[in-house]
Each structure stands twice: as structure tokens, then as C-alpha cells.
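# Inside the fold
Each chain is listed here by its residues.
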Amino acid sequence: MNNNLIQAFQTNWVSLVISLVVIGFLYFLGKKRVSFGYRVLIGLGIGLVVGIFLNAFKLDAKSVSTIGSIYVNLIKMMVIPLVVVLVINSIAGISNLGQLRKIGIKTISLFLATTGVAALIGLLVALAFNPGSGIAQSVPQNFKPKEIPTFSQVILDLVPANPINEMATGKVVPVLIFAIFIAVAIVHIGSKKPEVVQPVKQLIESLASVLHQVIKYVIRLTPYGVYALIAAMAARYGVETLKPLIMLIIATYTALLLHFVITFGGLVTFVARVNPLKFLRKAYPTIAVAFTTRSSYATLPVNLEVLTKRMRVSPRIASFVAPLGATINMNGCGGVWPAMVAIFVAGVYNIQLGVSDYILIVLVSMISSVGVAGVPGPAAISTTVVLTALGLPLEGLGLTLAIDAIVDMGRTAVNATGTTVSTLLVADSEGEFDRASFDRDEEDELELNPA
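None of the values given here were measured: they were computed from a predicted structure.

When helices and strands are counted, the chain shows 21 helices and 0 strands. Within the chain, the fraction of its 451 residues that count as buried is 51%. Look at the contacts in the chain between residues 6 or more apart in sequence, and 85% of them connect residues 24 or more apart. Total accessible area on the chain is roughly 20,100 Å²; 66% of this is exposed by carbon and sulfur atoms.

Shown next as C-alpha cells:
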């Protein structure tokens, strides 16, 4: 073991020393009360520079990657407890089950509609850029097409069989459904015998308060985690790896940006009727964490804090919509990306697509984004479903493996932002958005500076 430790230090000492200096600098900025958003942005920028430096000189970046993984693991540890406690707490506060049904329909409708628009934008941008032209038809040797789960298997995977086991294995969808059952039972019994469920409701409320405090501890680490994750990513992928697929990267990020500006900006400005720039500033922590962790589940704790403390959405609505959004709202992974890859693969293999195929791309993207909820690798599954529906070669998906992590950062950021926007719209429609407080920039203290 000692030899392994010595060897690890010998191969990683440069990246480790650099990381310690950067972490010290970011901590110093926190002590000087530099805002959380600026520290995250600085961490991201330094991480990009450090990663490019490590890659250029072929230096080992394992120590940086480990720091990033620690941050991701810490934030992931909160997901299951949050889903259980906050979903029960939010629904238990609803006295009318009819209101719960109305909120659920609004939420899922928004998720489907925005994913459909995302697929349409991805399709149009892909047709304009034609990213598949000039690509050699060589598929990576390690490519294995994702198996599309059958309809019956999808349904079975959604139904909780052993909630404790599913919590332990991180299956969020069955846990979410289990929590909904518990919450509905509390509401049902509470309508007849409120004194019976009062102790349970008080316990859940206390747990919610404790979890919020733990979240604050973990979120303080975000600038350091962002630095490490971006540095590790930049160190891993060199320019040579990306050159053949640079047009696909540009096209994908163009589509994601257009969806962000046109769809999200339009909904925030004209439907929620709030200043889009102010919304962007308040949502920035969510976007940054989603971009660097590449996980909607890992972003959930941060998003809940942003929604309630910065967006001024009621905890009841945020605690219901946000966990659901982390599960099935896939504007980037299920909307933009499948459409982009479909046009890319058709271009690579010189397959002509017609208007009916384009319509099919949008419809299948919308349906598959919900159908693969809870399945590992949702972007790959959704894309596989779309390619299969169009009769396109699945091997074409293997061509995108080299850049999947690069585009996944943008895809996840769009997913998480879509959930934030949808939560704001649902809250506004239900009269549970404190517009006056939002406009006055009143924000609760997140305790994001180092202690």
C-alpha cells in the first residue's frame, strides 16, 4: 500500500499541488465574501486552463478527478433522502387531491411541450449545419448499442417492489412513486383524522429542515467541485480527439443555446412575466452544477435551494415539481440530442430523410424522454429509440462516443434549467410565486461562504 501511495504521489504531484493552490485561492475568495456565483465562475475558468495545461504536457490528472468525484458523491448522497422527505412534505401540505392532480398535469404537460420544442430546434439546427458530412464511417471498437427496454419492462421498472432496496441502489423513479403513495395516504387520513397523521407530518417537516442544512454544507463546496470536474474533463480530451466531430459539438451547443434563449427566455419573459436576466442570475448555481456534474439528480439539491431561496417559489411546489423534473424532464438529453444525432447519422451514411421522418423525430423524442425515465444513460436510450424508429444504423451512435461527455455538460444544464423554468411557471399559475420578493431581489441567506 505504501508503494502505491508513493507511486500515486509521484505521478500526480503536479496536478495535486496545482489543485491545492487553486482550492486555497477559492477559499480565500470565500473568506473575502466574493459572491458564490463569481467563485463558481472563477473555479470553472481556472479548471479549464489547468486541464488544458495538464493535457498539453501529458500530466496525470487523477488527483483532480478524485476531488471532483468526492464532490459529486457528496451531492448525490442527498438525492434519495430529499426525494422521499420533500415529496411527502410537499404533497402532505395539499389538502385537496384534486389540486395535486391539476399540478401534476400542468407539470408533465410543460415537460413534454418543452422537450418537443427542443427536438424541433435540434432538428432544424442539425439540418442547417449538416454535421455528418465528411465523417469517415468508422465506429469505435468499444461501441455497444444500448438495449431498448420493452414497454412492459419500463412499466415494471417504475413500480416500487422493495423501496429500501431501490433506495440503496439509487433507483429514483420507484422511490418517487413510493413517496407519493405515502403522501397521498397522509392526505387521505388527515382529511378524516388529522390528529393521527400530525406526528408523522411534524417528523417529515423536521427532517426537511435538517436536510436543507446538510445541503447548505455540501453546496459550499461547489466552487472547488466545479474547478476539479472541469479540469479533469479538459485534461482527458485533447483537441485531436475532438477535431473530426467539432461540427457536431458546435451544432449541438448552438441548438442548446437557442432552446435556452428562445424557449426558456420566452416562457420566463412572456408567461411568467419576469426579467430573464434576473432569472438567469438567480438560476446560475443550478446551471453551473448541472454543467459540471452532468447529472440532473446530483443537481436536484442545489436546484431546490435556488427555487425556494432565490426564485421565491413556495417549497410545496418546488418539492413536487423539481424531483419530478430531475426524473423525466429531458429537454437536452431527450429533445435536442436525439434529433441532432439522427440527422448526423443520416448524413454519415448518406441516407435521405423526408418530412414524415422529421415529424417522427420530434414525436418519438417527446415520448421516449418520458418512457426511459429512471433508465441509466437516458440520452443514449432516447437516441437509440429515435434511430430505431427511423431505421437508421445504430452503429452511427458509436461515432459520437468521443464527444458524449463534452456535449452532456450542455445537455444536462438545459435539462436542469428546464425544470427550474417549469417549476416557476407552475408556481406562478398556482399563486405560489412571490413575485414582489423576486423583483426586489430578496433572497434568503444560503450560507455559501466558508465558515
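Next up on the list: helix α16 (residues 331-348). Helix length check: α16 (18 residues) gives 25 Å between terminal C-alpha atoms against 26 Å at 1.5 Å per residue, within 8%. At Trp337, α16 shows its largest bend, some 35°, and a proline, Pro338, comes one to four positions later. A positive backbone phi angle near 55° is found at Asn350, which sits one or two residues after α16.

This part takes up helix α15 (residues 315-328). Along its 14 residues, α15 runs 20 Å from first to last C-alpha, staying within 8% of the 20 Å computed at 1.5 Å per residue. For α15, the buried fraction is high: 13 of the 14 residues fall into the buried class.

Take the confidence of the model for the chain next. Confidence in the prediction of the chain, expressed as mean pLDDT, is 84, and 88% of residues score 70 or more. Mean pLDDT across the elements of the chain bottoms out in helix α11 (residues 239-242) (61) and peaks in helix α12 (residues 246-271) (95).

Its place among the elements puts Lys216 in helix α9 (residues 194-219). Classification of Lys216 as buried rests on a relative accessible area of 12%. Counting along the chain gives 86 residues from Lys216 to Val302, while the straight-line C-alpha distance between them is 8.7 Å.

Here we come to the pattern of salt bridges. Opposite charge on two side chains allows them to pair when their charged atoms are near. If you walk through the whole model with that rule in mind, you get 12 salt bridges. Here Lys282 makes a salt bridge to Asp441, at a shortest N to O gap of 3.4 Å. Of the two residues, Lys282 sits in helix α13 (residues 276-293) while Asp441 sits in the segment after α21 (435-439), which places them 159 residues apart along the sequence. The exposure class assigned to Lys282 is buried, which follows from its relative accessible area of 0%. Note on Asp441: relative accessible area 36%, which makes it partly exposed. The salt bridge partner of Lys309 is Glu305, with a shortest N-O separation of 3.4 Å.

The subject of this paragraph is unusual backbone geometry. The phi torsion at Arg33 lies on the positive side, around 65°, for a residue other than glycine. Exposure remark for Arg33: the relative accessible area of 61% places this residue in the exposed category. In this structure, Asn350 takes a positive phi of about 55° despite not being glycine. Tracing the sequence through the fold places Asn350 in the loop between α16 and α17 (355-371). Using a relative accessible area of 62% as the deciding quantity, one classes Asn350 as exposed.

Here the focus is the side chain of Asn331. Note that Asn331 resides in helix α16. By relative accessible area, which is 0% here, Asn331 ends up buried. In this structure the side chain of Asn331 is engaged in a polar contact, spanning 3.0 Å, whose partner is the side chain of Thr115. Apart from the residues within four sequence positions on either side, Asn331 is in contact with Phe111, Thr114, Thr115, Ala118, His259, Phe264, Val336, Val414, Asn415 and Gly418.

Following the criterion strictly, the structure yields 3 aromatic pairs and no others. With 5.0 Å between their ring centres and 50° between their planes, Phe53 and Phe57 make a pair best called tilted. Here Phe433 and Phe438 contribute two aromatic rings whose centre-to-centre distance is 5.5 Å and whose plane-to-plane angle is 70°, an arrangement assigned as edge-to-face. For the residue pair Phe433 and Phe438, the accessibility class agrees, reading buried in each case. Across from the ring centre of Phe438, 5.0 Å away, lies the NZ or CZ of Lys282, which sits over that ring. If you follow Arg411 out to its NZ or CZ, it ends over the ring of Trp337, 5.0 Å from the centre.

Moving on: the nonpolar core. Nonpolar side chains tend to gather and get buried jointly when the protein is soluble and globular. With 116 residues, the main nonpolar core has Val83, Phe279, Met311, Val313, Ile361 and Leu392 as its most contacted residues. Broken down by element, this core gets its largest block of residues, 12 residues, from α16. Discounting chain neighbours no more than four positions away, the residues touching Met311 are Phe279, Lys282, Ala283, Val306, Thr420, Phe433 and Phe438. In terms of nonpolar packing, the next biggest core, distinct from the first, is built from 12 residues, Leu54, Val64, Tyr227 and Ala235 among them.

Quick notes on the rules
All residue numbers refer to position in the chain's written sequence, counted from 1. Given that the model is predicted, a residue must reach a pLDDT of at least 70 before its local features are reported, and side-chain atom pairs must reach 80 or more before they are shown or counted; all residues, however, enter totals for whole chains, interfaces and linings. Values shown for side chains rest on all heavy atoms present in the structure; no hydrogens or waters enter the calculation. Secondary structure elements are defined from DSSP: runs of H or I of at least 4 residues count as helices, runs of E of at least 2 residues count as strands, and each element is numbered from the N terminus. With a 1.4 Å probe rolled over the protein chains alone, any residue whose accessible area is under 20% of its type maximum counts as buried; one over 50% counts as exposed, and the rest are partly exposed. Should any heavy atoms of two residues lie within 4.5 Å, those residues are considered in contact. Each accessible area is a Shrake-Rupley estimate made with a 1.4 Å probe; only the visible protein chains count as cover when residues are assessed. Expected span, for any helix, means 1.5 Å times one less than how many residues it has. What the bend at a residue measures is the angle between two axes, fitted to the seven residues ending there and to the seven starting there. pLDDT measures how confident the predictor is about each residue, on a scale from 0 to 100. One side-chain nitrogen of Lys or Arg within 4 Å of one carboxyl oxygen of Asp or Glu is enough to make a salt bridge. The term polar contact refers here to a pair of N or O atoms within 3.5 Å; inside protein, the definition further demands a hydrogen-donor-capable atom paired with an acceptor-capable atom, and it admits residues adjacent in sequence only when both atoms are side-chain atoms. In this analysis, rings of Phe, Tyr and Trp, with Trp reduced to its six-membered ring, are considered paired at centre separations within 6.5 Å, and the interplanar angle assigns stacked below 30 degrees, edge-to-face beyond 60, and tilted for intermediate values. Distance and angle both matter: a charge sits over a ring if NZ of Lys or CZ of Arg is within 6 Å of the ring centre and within 35 degrees of the ring normal. As used in this record, nonpolar core signifies buried Ala, Val, Leu, Ile, Met, Phe, Trp, Tyr and Cys residues forming a set joined through side-chain atoms within 4.5 Å.

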